[in-house]
Structure formats: structure tokens, C-alpha cells
Amino acid sequence: MMYGGTQSKIDLAIEYQAQIPILRPSIRARRANITVKFQDLYGFTVEGNVDDVNVLNEVREKVREQGRAWWALEASKGVNWYLQTRSSTTLKSSLKFSVLVNGMTLKKLIRKGIPPSLRPKVWFALSGAAKKKSTVPESYYNDLTGAVEDKVTPATKQIDHDLPRTFPGHPWLDTREGHAALRRVLVGYSFRDSDVGYCQGLNYVAALLLLVMKTEEDAFWMLAVLLEDVLVNDCYTNNLSGCHVEQRVFKDQLTKKCPRIAAHLEAMEFDVSLVCTEWFLCLFSKSLPSETTLRVWDVLFYEGAKVLFNVALAIFKMNEEELLTAHHVGDVINIIQRTTHHLFDPDELLTVTTLSTLTFSHQRDHSVV
């Protein structure tokens, strides 16, 4: 699951096709429409019926189409064409127009999904992680993790407690090697930023970053740029003040964008933080299927944290009619969880997200449109 080094375009293209298999449930399962289990692209066991499998296969065909679009752009514009999306006052007007076109193309492509084989390098470049890493000595990560390996703090104790509870049953994360890699990333960051230290929720985020980025060091820098530049300040500090800000902003936006839902939930005395706290702390990694979560993260690392609010709003919006018939807090939670656990079509979610777009002024936006 973890590997480093470089690969040729041909090798990457072959790997890219190989890691997007067609799911084929048995004839018996298709006839009975019973629940089937299968592994997704990142090794997680997923349960769904045959309709869910069909949706996943349709999504994976779209991913293949996206892959062909990305490879075509690399062939015509160059391997790192997506880095040419930042305008500068020193550029000639013709070049500025080229940059603008690249930026518009990139934003549209990212919202349709970054191919899994390109995701590590695109995330690393566009998120700012590569730039952040370049400001320190090359040996920074190894020196840091080596220096703190045997140190014991409240953070390291909590990390050790959470390791076996982080995606249990995963074929790599739930192994000695997986636990050790995740521990080094989390402990290393807890010493890099003592104000954050460690907060429950980061274990799930860092674990998914490890699966995507392939190397510990790249996962570490993605975690760093996420906490230091992308997300709301103080989301993971001891008092979770940033997370409380997110909750208040989301409640206000739910009232503005979905007034019927907001009024109904208020009448029931339902606090949206019952579901949103986990969403915002784990960045949907515990709630949505991994392939859908990573489509959300594609947008997150390019456009900023506003997408988290938009996705949360979209989930409520998609369930509006059913939520309005709920009369108990438990019913609301069940409706939301049933939907999120079976949201295998990222396009369905992100289409509603785009239509329900809200703004959150604190966040930076890398995009040009």
C-alpha cells in the first residue's frame, strides 16, 4: 500500500487503470438484491446492495474518463500544467489570459475529481504542502520523528490509545506497520505544533492521507498544510474554539439556505452539532465512503474549507422531505447516517453542493473563478 520513488507516465497510466476495477456481484446477489461486501479503491470494506454496486461502477467509469482528460492535458500543456494557474502583475496580458484559462480548466477538472494515480502529486503541489516542505531542511521529518520517538506526553498517550480504533479491519492501517506509520505522523505533528498537540479526529484524517499520499513524509506535510493554512484556526486546539465557530456558522447558513429544515429541527430541539462535529473534525472521513470523501478533499485542498460547509448543507438539503417527517432526534440521526454511508456517487453530492454554495470569508480560495 505504501511506496515511494518515481514512475513513468506509462507506468502511472497502467497503475491508474488497474486500480479502478469493475465490481461484479454474483448472479445470486443480483437476483436477490441482497447486501454484498467489497473493497473500495483504498482497501476499505464497503457494504451495499446491487444498486449501490451499479452506482460505483458508473462512478468509476467517470473516473476513467477524467483520467483520460488529465493525461491529455499533460500531453498538450506539460506535466505540471496545473501549476500555471496563478496570475502575476509581471506577466504580459497574453500570458495572464493563458493563466486564467488554465485556472478555469483546473477548477472544473478538480470538481469532477482528480484521478487516484495523480492525486498525491496534485494535492501536494496545489495545497501548498510542497512549498511548506521547501522552507525547512530536507531531513526535517526524519530528524523530528527520530528526536521525539521515545518521548511520552498526554498527546502520545492518547495517540497510542486511538491507533487500534482508527479504521479497524483495514488491511494496511490495522497492522503493526500501519499503526507505526500513523503514530510517527501524529506524534511528529504534535511536537511541531504544541498548541494543537493531538486531537481525536486527526487520527482518521492522517490515516486517509497516508493511504493517498503513499509516504509518511508527504502525509505529514499534507497534515501540516491542512491544519496551518487550509482549515479554520483553532479547530483542533484544546477548547476546539475553531470547531465551535464552524458550528455557529453552519447553523446560521442552514437557517438561511434551508429555513424549513432549520425550523423543524429547532422545534424538535435537535442540535446539528450531534452530526456536524464529527463531520468537521474528521473531514467526513468517518461518515462518507472513502472515494466520496476524497472527492470532497480534492476541492478542499484547492478551494479551501468552505467546501466542508457546503457539503454539510447539501447532505441536509438532499434529505429535506424525509427530515421534515421526522419527530425524534434519533430519527434525524438515522436519516443522515443512512444517507452519508451510502453516498457512493460523489457527483450527486457535489452537484447539490454547488447549487447550495455558501461563503465563509475566513477561508482562502486558491481558484481564479
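Every value quoted in this text rests on a predicted model; they were computed, and no experiment measured them.

### Some remarks on the overall build of the protein
Along the protein, the regular secondary structure elements total 19 helices and 2 strands. Residue burial in the protein is summarised as follows: out of 369 residues, 52% are buried. Sequence separation of 24 or more characterises 74% of the internal contacts of the protein that already satisfy a separation of 6 or more. When the accessible surface of the protein is totalled, it reaches about 17200 Å², and 52% of it is carbon and sulfur.

### Observations concerning the pairing of strand 2 (residues 45-48)
Alternating positions in strand 2 separate cleanly, Val46 and Gly48 being buried on one face and Thr45 and Glu47 remaining unburied on the opposite face. Remark: 5 residues form the turn of the hairpin made by strand 1 (residues 36-39) and strand 2, two consecutive strands paired antiparallel; Gly43 in that turn has positive phi of roughly 90°.

### Focus: the nonpolar core
Grouped together as the largest cluster of nonpolar side chains are 105 residues, with contacts concentrated most on Tyr236, Trp297 and Phe316. Looking at this core, the element that brings in the most residues is helix 10 (residues 202-213), giving 11 residues. Residues within four places of Phe316 in sequence aside, it is in contact with Phe250, Leu254, Ile261, Leu265, Val272, Val275, Cys276, Trp279, Leu323 and Ile336. Within the second largest apolar cluster, 6 residues are counted, among which are Val36, Val46, Leu56 and Phe344.

### Let's talk about the pairing of strand 1
Burial along strand 1 is one-sided: the face carrying Val36 and Phe38 is buried and the face carrying Lys37 and Gln39 is not. In the sheet, strand 1 pairs with strand 2 via 4 bridges, with the strands oriented antiparallel. Across the sheet, the residue bridging to Val36 is Gly48, located in strand 2.

### Describing the packing of helix 5 (residues 119-126) against helix 10
At their nearest, the axes of helix 5 and helix 10 sit 8 Å apart, and the two run at 120° to each other. Contact residues: Arg119, Pro120, Trp123 and Phe124 in helix 5; Leu209, Val212 and Met213 in helix 10. For the contact of helix 5 with helix 10, a count of residues per class yields 6 nonpolar, no polar and 1 charged.

### Focus: helix 18 (residues 329-341)
In this model, helix 18 (13 residues) spans 18 Å end to end at C-alpha, consistent with the 18 Å of a helix rising 1.5 Å per residue. In this fold, the buried residues of helix 18 make contact with helix 13 (259-267), helix 14 (273-282), helix 16 (306-318) and helix 17 (320-323).

### Concerning the pattern of salt bridges
For the structure shown, the criterion picks out 22 salt bridges. Lys317 is the partner of Glu320 in a salt bridge, and the nearest nitrogen-oxygen pair spans 3.3 Å. Each member of the salt-bridge network shares a partner with another, and the members are Lys132, Arg192, Glu228 and Asp229.

### Looking at unusual backbone geometry
We note that Leu283 has phi near 55°; this positive angle belongs to a residue other than glycine. By the secondary structure assignment, Leu283 is in the loop between helix 14 and helix 15 (290-303). Overall, Leu283 belongs to the buried group, its relative accessible area being 0%. Of note, Phe284 is a non-glycine position whose phi angle comes to about 70°, a positive value. Within the secondary structure, Phe284 is located in the loop between helix 14 and helix 15.

### Describing the environment of Ser273
Its place among the elements puts Ser273 in helix 14. Under the relative-accessibility criterion, Ser273 is labelled partly exposed at 21%.

### Considering the confidence of the model for the protein
The predicted coordinates ought not to be read in detail in places where the model reports low pLDDT. This prediction gives the protein a mean pLDDT of 84; 81% of its residues lie at or above 70. For residues 1-18, every residue scores under 50 in pLDDT, and the model assigns this stretch 34 contacts once sequence neighbours within four places are set aside. This stretch, residues 87-97, has a pLDDT under 50; its non-local contacts, to residues over four places away or in other chains, come to 7 contacts.

### Examining the packing of helix 14 against helix 16
Running from amino to carboxyl end, helix 14 crosses helix 16 at an angle of 145°, the nearest separation of the two axes being 11 Å. Helix-helix and strand crossings are classified by hand; for helix 14 and helix 16 the assignment is right-handed. Touching Val275, Cys276, Trp279 and Phe280 of helix 14 are Leu308, Phe309, Ala312, Ile315 and Phe316, all from helix 16. Across the contact of helix 14 with helix 16, the residue classes tally to 9 nonpolar, no polar and no charged.

### Focus: the environment of Thr175
Relative to the elements of secondary structure, Thr175 occurs in the loop between helix 8 (154-162) and helix 9 (176-192). Owing to a relative accessible area of 26%, Thr175 belongs among the partly exposed residues under this scheme. Residues Thr175 and Leu163, spaced 12 residues apart in sequence, show a C-alpha to C-alpha distance of 9.9 Å. Among the polar contacts made by the side chain of Thr175, one reaches the main-chain amide nitrogen of Gly178 at a distance of 3.0 Å.

### Points about helix 5
Counting buried positions along helix 5 yields 6 of 8 residues, so the element is predominantly enclosed. Taken as a whole, helix 5 has its buried residues at Arg119, Pro120, Val122, Trp123, Phe124 and Leu126. Of the residues one or two after helix 5, Gly128 is the one with positive phi, at around 100°.

Cut-offs used in this document
- Residues numbered from 1 in each chain as written.
- Predicted model: local features only at pLDDT ≥ 70, side-chain atom pairs only at ≥ 80, totals over all residues.
- Heavy atoms only, no water.
- Helix = DSSP H or I, 4+ residues; strand = E, 2+ residues; numbered from the N terminus.
- Buried < 20%, exposed > 50% of the residue type's maximum accessible area, 1.4 Å probe, protein only.
- Contact = heavy atoms within 4.5 Å.
- Areas by Shrake-Rupley, 256 points an atom, 1.4 Å probe, with all protein chains shown as cover.
- Pairing = 2+ DSSP bridges.
- Core = buried A, V, L, I, M, F, W, Y, C linked by side-chain atoms within 4.5 Å.
- Axes fitted to C-alpha atoms, helices over the stretch in contact; angles between N-to-C directions.
- Nonpolar A, V, L, I, M, F, W, Y, C, P; charged D, E, K, R; others polar.
- Expected span 1.5 Å × (residues − 1).
- Salt bridge = Lys/Arg side-chain N within 4 Å of Asp/Glu carboxyl O.
- pLDDT = per-residue confidence, 0-100.
- Left-handed = near helix turned anticlockwise from the far one by under 90°.
- Polar contact = N/O pair within 3.5 Å; in protein donor to acceptor, adjacent residues only side chain to side chain.

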